[in-house]
Amino acid sequence: MAGTFSGARADEPLRPIANMFDPLSKPAEMIHDASIITLIICAIIFLIVTGMLVYVTVKYRSRGEIDERKEPPQIYGSSQIELAWTVIPIIITVVLILITTRTIGEIQDHPVPKDAVHIRVIGHQWWWEIHYQKPGAKPDEWVTDFTIANEIHVPVNKHTEITLESADVLHSFWVAQLNGKTDLIPGLKNHTWIEPRATGVFFGNCAEYCGTQHANMQLKVVVQTQADYDAWVLAQKTPPPAPTTAEAIAGKKVFYANSCVNCHKVDGTPAAGVFGPDLTHLATRLTIGAGIAKNNEDSLRTWMHDPATLKPGVLMPNMQLTDKEVDEVVAYLMTLK
Ligand code: CUA
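Residues numbered from 1 in each chain as written. Predicted model: local features only at pLDDT ≥ 70, side-chain atom pairs only at ≥ 80, totals over all residues. Heavy atoms only, no water.

Things to note about the packing of aromatic side chains
Spelled out, the test is: Only Phe, Tyr and Trp rings take part, Trp by its six-membered ring, and two of them pair if their centres are within 6.5 Å. Stacked means planes under 30 degrees apart, edge-to-face means over 60, and tilted covers everything else. Numbering of helices and strands runs from the N terminus; a helix is a DSSP stretch of H or I covering at least four residues, while a strand is a stretch of E covering at least two. Whether a residue is buried, partly exposed or exposed follows from its accessible area with a 1.4 Å probe, protein chains only, as a fraction of its type maximum: under 20%, in between, or over 50%, in that order. In this scheme, the term charge over a ring applies when either NZ of a lysine or CZ of an arginine sits within 6 Å of the ring centre and within 35 degrees of the ring normal.
Within the structure shown, the criterion is met by eight aromatic pairs. Note on Trp-128 and Phe-173: the rings are 5.9 Å apart at their centroids and 90 degrees apart in plane angle, and the pair reads as edge-to-face. Taken together, the residues span a long stretch of sequence, with Trp-128 in strand E2 (residues 127–133) and Phe-173 in strand E6 (residues 171–173) at a distance of 45 residues. Residue Phe-173 is classed as buried on the basis of its relative accessible area, which comes to 1%. A ring pair is formed by Phe-255 and Tyr-256, whose centres lie 5.0 Å apart and whose planes are at 70 degrees; its orientation type is edge-to-face. On the accessibility criterion, Phe-255 (3% relative accessible area) is buried. Above the plane of the ring of Trp-174 lies Lys-181, whose end atom (NZ or CZ) is 4.5 Å from the centre.

Shown next as structure tokens:
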């Protein structure tokens, strides 16, 4: 199908290793470089202090008989040493501050190129709402082109500007190999950006405790070639085909007869809810429940029986569907491509 990304879908691990020491995008690389310098300075300090400690312990250890009546010589203070261990740490701290503020400044002041992709990420308990801006719209006049959930697609070697907002509590956007952590704060707009230089699926996770399912507020960033990305955008903007099998048609009826439509949106249908993830192209996504399980019929069936079995505390209620209705709804959801 046009627009599905060309990565290995079936063997994609659910929680791949997100290694910040293997950065593949500009802000992450800048943070990595600053971290390595900091780590080297700290390692040198650690080695000097530990070395001195070992030296003193060995050199001045007790040898032979201890005369308990006699105290060892007591030495009180040395101005030179006290001055040294005050001044040297101050210099080291200032160097670390300069390295950190320079990196933060370079990341924040990075210009946004004209051809940048603009997206808006809204944090919810416990999933990510993602809006893509209409190309050509002014950056300060947001016009949504299409929305998705829990999976961001971006073109490789291109700047993607990300505005971060929250619908409820504090969250934090972090894709270790692509950028540093940036908080999503209710009532505020924060910004971050990525410029990935390799295609693939990158794992992200909420990095600010936001309730029961904080650890399962996961995100996938799919970095694609420009052609694959363009095809994906086109597919996202096309409403899904109408279901054709009897089971899927019945499932669509069940979906619209229940309160699913109050929370979920499916483009091209009356379902226009905004409290839950947009389901327009659900069947093309890698995972369900913000990364809790691979997106397949089995996990969808478990989810539809009772979402809390997969994700305790989830805000979606158990819809009390019969086994037959669950099968039908799952058949319908699988048509949302
Ligand atoms: Cu959202 Cu932690």
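After that view, the rundown keeps rolling.
Describing the confidence of the model for the protein
If pLDDT is low for a region, its predicted coordinates should not be looked at in detail. As a reminder, the rule being used: Confidence scores here are pLDDT values: one per residue, from the predictor, ranging 0 to 100. Here, two residues are considered to be in contact whenever any of their heavy atoms come within 4.5 Å of each other.
Scored by pLDDT, the protein has a mean of 87; 96% of the residues are at 70 or more. Below a pLDDT of 50 lies the segment residues 1–9, which in the model reaches 21 contacts outside its immediate sequence neighbourhood of four places, other chains included.

Looking at the sheet that holds strand E10 (residues 218–224)
The test is simple: DSSP calls a pair of strands paired once it identifies at least 2 bridges connecting them. Here an axis means a line fitted to C-alpha atoms, over the contact stretch when the element is a helix, while the angle between two N-to-C directions is reported on a 0 to 180 degree scale.
Sheet architecture is open: three strands sit in the order E4-E10-E9, paired in mixed fashion. Every interior strand has two partners, whereas the edge strands, strand E4 (151–155) and strand E9 (200–205), have only one. The mean inter-strand angle of the sheet, taken between neighbouring strand axes irrespective of direction, is 25 degrees. Pairing analysis gives five bridges linking E4 to E10, with the strands arranged parallel. Each residue of the ladder has a partner; that of His-153, found in E10, is Val-222.

Quick notes on the pattern of salt bridges
Keep this limit in mind: Here a salt bridge means any side-chain nitrogen of Lys or Arg lying within 4 Å of a carboxyl oxygen belonging to Asp or Glu.
Across all of its chains, the model carries 12 salt bridges by this definition. The partner of Arg-197 in a salt bridge is Glu-29, and the shortest N-O contact between them spans 2.3 Å. Here Arg-197 is found in the loop between strand E8 (190–194) and E9, whereas its partner Glu-29 is found in helix H1 (residues 26–59), with 168 residues between them in sequence. For the salt bridge of Asp-327 with Arg-301, the shortest nitrogen-to-oxygen distance reads 3.0 Å. Remark: Arg-301 occurs in helix H6 (residues 297–305) and Asp-327 occurs in helix H8 (residues 323–333); sequence separation between them is 26 residues. Among the ionic contacts, a cluster of salt bridges with common partners joins Glu-297, Asp-298, Arg-301 and Asp-327.

Notes on the sheet that holds strand E1 (residues 117–124)
If you walk across this open sheet you meet the five strands as E3-E2-E1-E5-E8, and the pairing is mixed. For this open sheet the edge positions go to strand E3 (144–149) and E8, each flanked by a neighbour on one side alone. Taken over all neighbouring pairs, the strand axes of this sheet differ in orientation by 25 degrees on average, direction set aside. Pairing analysis gives five bridges linking E2 to E3, with the strands arranged antiparallel. Note on E3: the bridge partner recorded for His-131 is Thr-147. Sitting on the sheet, helix H3 (residues 226–236) is in contact with E1, E2 and E3, with an inclination near 95 degrees to E3.

Topic: the pairing of E2
Counting buried positions along E2 gives seven out of seven residues, so the element sits mostly inside the fold. Where burial is concerned, the two faces of E2 agree: the one with Trp-127, Glu-129, His-131 and Gln-133 and the one with Trp-128, Ile-130 and Tyr-132 are both buried. As paired elements, E1 and E2 share six bridges and run antiparallel to each other. Of the residues in E2, the one forming a bridge with Val-121 is Ile-130. Following E1, the chain reverses through two residues before pairing antiparallel with E2.

A few points about the nonpolar core
What counts here: Residues belong to a common nonpolar core when they are buried Ala, Val, Leu, Ile, Met, Phe, Trp, Tyr or Cys residues joined through side-chain atoms within 4.5 Å.
Formed by 30 residues in total, the largest nonpolar core has its most connected members in Val-121, Trp-128, Ile-130, Tyr-132, Ile-152, Phe-173 and Val-221. If you list the elements that add at least two residues to this core, you get E1, E2, E3, E4, strand E5 (160–166), E10 and H3. Aside from chain neighbours lying at most four places away, what touches Phe-173 is Val-121, Trp-128, Ile-152, Ile-162, Leu-164, Asn-179, Gly-180, Lys-181, Thr-182, Leu-184, Thr-192 and Leu-219. Counting 23 residues, the second largest nonpolar core, distinct from the first, contains Cys-260, Val-266, Ala-293 and Leu-300.

A look at helix H4 (residues 246–257)
Rules: Expected helix span is computed as 1.5 Å times (number of residues minus one). An arc is given here, and it is the one of the directions from the helix axis to the C-beta atoms.
Across its 12 residues, H4 extends 17 Å between first and last C-alpha, which sits within 8% of the 16 Å expected from 1.5 Å per residue. Of the positions making up H4, those classed as buried are Ala-248, Gly-251, Val-254 and Phe-255. Viewed end-on, H4 has its buried residues packed into an arc of 110 degrees, placing them on one side of the element. Set apart from the buried face of H4 by more than 90 degrees, the exposed residues are Ala-246, Lys-253 and Ala-257. Buried residues in H4 make contact with helix H5 (260–263) and H8.

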